[in-house]
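Chain by chain, the residues run as shown.
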Amino acid sequence: MAAEDLPSEFDVVILGTGLAESVVAAACSRVGQRVLHVDRRSYYAANWASFTFNALLTWIQEHKAESLSEEVQDRSSLVEEGEELIYLSGSDSASISNLQVFCYISEEAEEEEEPPNTTEEEEAGAAGEDAAKEPSETESAGSKEEETGEAAEGDEQAAQEQGEEPEADQPQPSAPPSQSEPTRKKISYTQLEKEGRRFNIDLVSKLMYSRGSLVDLLIKSNVSRYAEFKNVTRILTYRHGSVEQVPCSRADVFASRQLSVVEKRKLMRFLTSCVEETEEHQAYNGRPFLEFLREQQLGDNLQHFLLHSIAMVTEDTLTEVGLASTRHFLRCLGRYGNTPFLFPVYGLGEIPQCFCRMSAVFGGIYCLRHSVSCLIVDKDSNRCKAVIDSRGQRISCSHFVVEDGFVGADRQVTTPTRFLSRAVLITDASVLPGDSEQQVSLVTVPPTDGRPAVNMVELSPSTMTCIPGTCEFTCCVSVCPSAENRPAVLWCLYFNMADGSGVEPEGHDLPSNVYVCSGPDGALGHEHAIKQAESIFLKILPEEEFCPPAPNPEDIIYDGENTSPTSTGEEEGLTAAGGEGEEKQQEQQEEETSLQPEE
């Protein structure tokens, strides 16, 4: 809707289209609230967004450019007696800092020549030399982050995996297939830009627990119909200089080659005992989880898998916390695949957009490149009674929800902001090539040399997030497998992002009906954002159900002259909005997961 057409009164006005804000918008619209949802950006999802490669380059340039102080316009003429103004920040640039970009490939594609005398060892050595440049560049990025004085927290990384390449693009090996691997197709920077629209690069690296709050909400509200999902097919870990697959399901345990028969029995016995809390477990409360694992007579292999890849905790984590994480992992196993995790096709930025679509279906009004410049507060009640948008229009509202980056510095808490150190890397292969080129993997890297643990999500082109022959990583520290045939880094981006878990919504000096949503946190799942959205909704409408199931289009009864079932066509348009055409959707139909309630 054009900004000049905006109504002058709403029940809820929301600034920012991050995940928490989008869920609040959908929940409020679903129960009949009049919702205005605006964002000063030109894209949805804020710091949860997914970008094409070209759009990511634009986003980098915008954040690297020196932010010019915007002139604050005087809105006092719109203020009535007994009211006061609270000005909001015009930019959230403080949430992203220390951007650095590195490119390790040539601008143009090199002429491919057939070297008949080139051996496999020479090819592996060349690939190793190309990839060896990456750690030094990463260390320089890390040193610059330390100069900022902010503590970089360990975050998740997303790494995208190698997809299928046409047979015509693979040179024929000079030796038998058992002795030689196909040469990787060389990719130029020009090709990355040319095919940039086929990338969907996430700013955050997260996964969806199959029994987590986000998946439960998607099913309950029927928002899952707006998206498609892929199973995470394997969990990998970095140990002793190599990448190994973690056995997590019963089939994985008995098929594992890393474990002996005795270790397999011990692991299965331990996982079975963890399903329910026992008195023996309670006896270890307050003691380190690693100590508990050692006293269970589990070897180093099992301790590593359980600590870093199943519970995903540190050695100092308390036993009750480690066991709770292990139980959550086990509960999520087997619901949609052999791992506990799902990933949305076309990237994580689809999830906030799905909730925005639901809000729009139930009457929510959306305006991008539009913002709220200030709040009008009643002095007597200390409640926000209206907002003034960027065009100077006064809009009355009962509640106002805002992204924390738009709250003025004078209204924010004084506690220092914690930052997560993230990175996006595009490589030419998977960290652990396998029989299938459509793997979706979680890679866990334990803490080393005082550095925090790292989680990477490796995606294949089947998730519609990268082009065939490339992989994409989002990382937080410089940890890379030191194997001869490790993937070569083609392009990478390093940056710091404010940790959303460090924001205290209750600590802002704001009116009682103004609610602050934080950005992405450092956890692997989405629990923090969903709980925050539900908490805000219940403060606004304490007697309403949070995101009740949407009715089926066939059950909708229309009033007035419009009696035709138009909702079916609208739903089809929304379902196809995240895709690139019916052909690609049909190709992925067999592998993609449909979220349905359990019987």
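Each chain has its residues counted from 1, running along the sequence as written. Local features in this predicted model are restricted to residues whose pLDDT is 70 or higher, and side-chain atom pairs enter the listing and the counts only when it is 80 or higher, whereas totals over whole chains, interfaces and linings include all residues. Excluded from the side-chain calculations are hydrogens and water; all other atoms, namely the structure's heavy atoms, are used.

A. Highlighting the overall build of the protein chain. Looking only at helices and strands, one finds 15 helices and 24 strands in the protein chain. Per-residue burial for the protein chain yields a buried fraction of 52% across its 599 residues. Any pair of residues with heavy atoms lying within 4.5 Å of one another is described as a contacting pair. Sequence-distant contacts in the protein chain: of pairs separated by 6 or more residues, those separated by 24 or more amount to 78%. Working note: accessible area of the protein chain is about 27,800 Å², and carbon and sulfur atoms make up 46% of it. Helix numbers and strand numbers start at the N terminus; a helix is a DSSP run of H or I with at least 4 residues, a strand a run of E with at least 2. Whether a residue is buried, partly exposed or exposed follows from its accessible area with a 1.4 Å probe, protein chains only, as a fraction of its type maximum: under 20%, in between, or over 50%, in that order. Using a 1.4 Å probe, accessible areas were evaluated by the Shrake-Rupley method; residue-level cover was limited to the displayed protein chains.

B. Representation of the sheet that holds strand S16 (residues 383-389). In this scheme, strands are said to pair when DSSP sees at least two bridges between them. An order of S4-S15-S16-S17 is seen for the four strands of this open sheet, with the pairing classed as antiparallel. Among the strands making up the open sheet, the edge pair consists of strand S4 (83-87) and strand S17 (394-396). Within this sheet the neighbouring strands show an average axis-to-axis angle of 30 degrees, counted without direction. Strand direction decides the pairing type here: S4 and strand S15 (residues 372-378), joined by five bridges, are antiparallel. The partner of Ile 86 across the bridge, within S15, is Leu 375. Between N-to-C directions, angles span 0 to 180 degrees; the directions come from axes that are lines fitted to C-alpha atoms, helices contributing only their stretch in contact.

C. Looking closely at the packing of helix H1 (residues 19-30) against helix H13 (residues 527-540). Their axes nearest at 8 Å, the elements H1 and H13 cross at an angle of 40 degrees. Between H1 and H13, the angle is such that the two are oblique. You can see that H1 and H13 cross each other, and the crossing is right-handed. Across the interface between the two elements, Leu 19, Ala 20, Val 23, Val 24, Ala 27 and Cys 28 of H1 pack against Ala 529, Ile 530, Gln 532, Ala 533, Ile 536, Phe 537 and Ile 540 of H13. The residue makeup of the contact of H1 with H13, split by class, is 12 nonpolar, one polar and no charged. Small angles under 35 degrees read as roughly parallel and large ones over 145 as roughly antiparallel, with 65 to 115 read as roughly perpendicular and the rest as oblique. Crossing handedness is defined as follows: a turn of the near helix away from the far one that is anticlockwise and smaller than a right angle gives a left-handed crossing, while the clockwise case is right-handed. In this classification, Asp, Glu, Lys and Arg are treated as charged, Ala, Val, Leu, Ile, Met, Phe, Trp, Tyr, Cys and Pro as nonpolar, and every other residue, Gly included, as polar.

D. Fine view of the pattern of salt bridges. In what follows, salt bridge is the name for a side-chain nitrogen of Lys or Arg lying within 4 Å of a carboxyl oxygen of Asp or Glu. In the structure shown here, the tally under the stated rule is 15 salt bridges. Put simply, Arg 41 and Asp 39 hold a salt bridge, and the shortest N to O gap is 3.0 Å. The same class applies to Arg 41 as to Asp 39, namely buried. One salt bridge in this structure joins Asp 499 and Arg 418, with 3.7 Å as the shortest N-O distance. Of the two residues, Asp 499 is situated in the loop between strand S23 (489-498) and strand S24 (514-517) and Arg 418 in the loop between strand S18 (399-403) and strand S19 (419-427); the sequence distance between them amounts to 81 residues. Overall, the relative accessible area of 6% leaves Asp 499 in the buried class. Members of the salt-bridge network, linked through shared partners, are Glu 9, Asp 11 and Arg 34.

E. Quick look at the nonpolar core. By size, the foremost hydrophobic cluster in this structure holds 109 residues, and its most contacted members are Trp 59, Phe 355 and Trp 491. Counting residues per element, this core draws most heavily on H1, which supplies eight residues. Not counting chain neighbours up to four residues away, the residues in contact with Trp 59 comprise Tyr 43, Phe 51, Ile 96, Leu 99, Leu 203 and Leu 493. Grouped together as the second largest cluster of nonpolar side chains are 24 residues, Leu 6, Phe 406, Val 514 and Val 516 included. Residues grouped as a nonpolar core are buried Ala, Val, Leu, Ile, Met, Phe, Trp, Tyr and Cys residues, joined through side-chain atoms within 4.5 Å.

F. Structural view of helix H7 (residues 261-274). Its 14 residues place the ends of H7 20 Å apart at the C-alpha level, agreeing with the 20 Å of an ideal helix rising 1.5 Å per residue. Considered for burial, the residues of H7 that qualify are Glu 263, Lys 264, Leu 267, Met 268, Phe 270, Leu 271 and Cys 274. Take H7 and look down its axis: the buried residues cluster within an arc of 165 degrees, on one side only. In H7, those exposed residues whose orientation departs by more than 90 degrees from the buried face are Val 261, Val 262, Arg 265, Arg 269 and Thr 272. Given a helix with a known number of residues, its expected span is that number minus one, times 1.5 Å. Note that the arc is defined by the directions from the helix axis to the C-beta atoms.

G. Summary view of the packing of aromatic side chains. Ring geometry is summarised as follows: Phe, Tyr and Trp rings, the Trp one being its six-membered ring, pair when their centres sit within 6.5 Å, and such pairs are stacked at plane angles under 30 degrees, edge-to-face over 60 and tilted between the two. Enumeration over the complete set of coordinates arrives at 14 aromatic pairs. Between Tyr 43 and Phe 51, the ring centres sit 4.9 Å apart and the planes meet at 75 degrees, which makes this aromatic pair edge-to-face. As far as the burial class goes, Tyr 43 and Phe 51 line up, both buried.

H. Quick peek at the sheet that holds strand S10 (residues 229-231). Here three strands make up an open sheet; going across it, the order is S9-S13-S10 and the pairing antiparallel. With one partner strand each, in any of the chains shown, strand S9 (208-209) and S10 form the two edges of the open sheet. Relative to strand S13 (residues 341-344), S9 runs antiparallel, the two sharing two bridges. The residue of S13 that forms the bridge with Tyr 209 is Phe 341.

I. A look at the pairing of S24. What you see with S24 is no split at all: Val 514 and Val 516 on one side and Tyr 515 and Cys 517 on the other are buried throughout. As paired strands, S18 and S24 are joined by four bridges and run parallel to one another. Considered in S24, the bridge of Phe 400 is made with Val 514.

J. Geometry of the state of the cysteines. Note on terminology: pairs of cysteine sulfur atoms within 2.5 Å are recorded as disulfides. If you walk through the whole model with that rule in mind, you get zero disulfides. With no disulfide of its own, Cys 384 lies 4.3 Å from the sulfur of Cys 397, the closest cysteine sulfur. Lacking any disulfide linkage, Cys 547 is separated from the closest cysteine sulfur, that of Cys 28, by 8.8 Å. A residue is classified by how much of its surface remains accessible, and Cys 547, at 0% relative accessible area, is buried.

K. Highlighting the confidence of the model for the protein chain. Along the chain, pLDDT gives the predictor's confidence residue by residue, from 0 to 100. Per-residue pLDDT for the protein chain has a mean of 79; in total, 74% of the residues score no lower than 70. For residues 476-483, every residue scores under 50 in pLDDT, and the model assigns this stretch 26 contacts once sequence neighbours within four places are set aside. Contacts from residues 562-592, a stretch scored under 50 in pLDDT, to residues over four places away or in other chains number 40 contacts.

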